[in-house]
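# Coordinate inspection notes
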Amino acid sequence: MHRSVTVSVVSHGQERMVQGLLWDLAAVESRDFGSVDRVVVTHNLAPSHGSCPETLASRCRSIENAHQKGFGANHNAAFSQCATTWFAVLNPDIRLSSDVFSRLIAQASADDAVLAPALLDPATGDAAPNRSLLTPWEVLRRRLPGWKPAGAPAWLPGAFLLIRAEAFRQIGGFDERYFLYAEDFDLCARLRLAGWKLRYVPEVQVSHAAQRSSHVRWRYLRWHLQSLWRLWSGRTFWRYRALLRDEARRARA
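All of these numbers come straight from a predicted model, not from anything done at the bench.

## Remarks on the overall build of the chain
Looking only at helices and strands, the chain has 8 helices and 8 strands in total. The C-alpha radius of gyration computed for the chain amounts to 18 Å, which stays within 12% of the reference 18 Å derived for 253 residues, consistent with globular compactness. Oriented by its inertia axes, the alpha-carbon framework of the chain measures out at about 55 × 40 × 35 Å. Partitioning the intrachain contacts of the chain with sequence separation of at least 6 by distance along the chain shows that 76% fall at a separation of at least 24. Accessible area for the chain stands at about 12,700 Å²; split by element, carbon and sulfur atoms hold 53% of it. Here the chain contributes 33 positively and 23 negatively charged side chains, and the mean placements of these two sets differ by 7 Å.

Okay, here's the thing in structure tokens:
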């Protein structure tokens, strides 16, 4: 059996969530003969008080940070332990009921850099809407009545990303200047600009109980605003905007 995925999970003191995700992975691997070669759990705020399920223990690795790091820095550090074809970035609040990695990989073409499933709200069963280009107007508009999501996503959210390791390595991974927020958009944009593609696979689904910390905590809101300012003042955003406009023009022609 060929195990082709390294999974990276970062805990910000979210031990209960991490344990739930690890038990999901263990159950899926035992039942479906899954594709996970290694699971790297990074404890960003506090030492671990949990353990990896016995059936997954030989494939679990733990990193305990002496100092808090950002989203991208943590996953980049985990990627240094990746020797597989695919690198999966998962939030602790993801829950799995099947080997979604194998199902996503089965849909991949040679130029797909990132694959992502539908993220279902466990309270409503609704899938998270497609993301449009992350402009200031779009950030405002999606909070107004009558907003409609994009027909196709311009980028894929970092809660669950299955990334081709070759592509991730080629562009240097996440931009660590983003401490939190917008690093997923930036990663997707740089991959597209490098000639890779993104693939959303809505028939593959996972549960995602989104935390939305920036809506309620000043520190997270500050990080969110800082990341958006960095994004909009950088060349990557404007180059990607031009690429999407060119693609839309060609599609209409």
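From this point, things continue past the structure.
## Section: the packing of aromatic side chains
A full pass over the atoms with the stated rule returns 11 aromatic pairs. Centroid distance Phe-185 to Phe-237: 6.1 Å. Interplanar angle 40°. Geometry classified as tilted. Placement of Phe-185 in helix H6 (residues 183-193) and of Phe-237 in helix H8 (residues 235-252) is noted, with a sequence separation of 52 residues between them. Comparing Phe-185 with Phe-237 shows no difference in burial state: the two are buried.

## Some points on H8
With 18 residues, H8 extends 26 Å between its outermost C-alpha atoms, agreeing within 8% with the 26 Å of an ideal straight helix rising 1.5 Å per residue. Lining the buried residues of H8 we find H6, strand E8 (197-208) and helix H7 (218-232).

## Remarks on the state of the cysteines
Inspection of every chain in the model, using the stated rule, returns 1 disulfide. Through a disulfide, Cys-52 is tied to Cys-60; the S-S separation comes to 1.9 Å. Each member of the pair, Cys-52 as well as Cys-60, carries the same accessibility label: buried. Cys-60 provides the cysteine sulfur closest to Cys-82, a residue in no disulfide bond, and the two sulfurs are 15 Å apart.

Definitions and limits used
- Residues numbered from 1 in each chain as written.
- Predicted model: local features only at pLDDT ≥ 70, side-chain atom pairs only at ≥ 80, totals over all residues.
- Heavy atoms only, no water.
- Helix = DSSP H or I, 4+ residues; strand = E, 2+ residues; numbered from the N terminus.
- Rg over C-alpha atoms; globule rule 2.2 N^0.38 Å.
- Contact = heavy atoms within 4.5 Å.
- Areas by Shrake-Rupley, 256 points an atom, 1.4 Å probe, with all protein chains shown as cover.
- Lys, Arg positive; Asp, Glu negative; His and termini not counted.
- Charge placed at Lys NZ, Arg CZ, Asp CG, Glu CD.
- Phe/Tyr/Trp six-rings, centres within 6.5 Å; stacked < 30°, edge-to-face > 60°.
- Buried < 20%, exposed > 50% of the residue type's maximum accessible area, 1.4 Å probe, protein only.
- Expected span 1.5 Å × (residues − 1).
- Disulfide = S-S within 2.5 Å.

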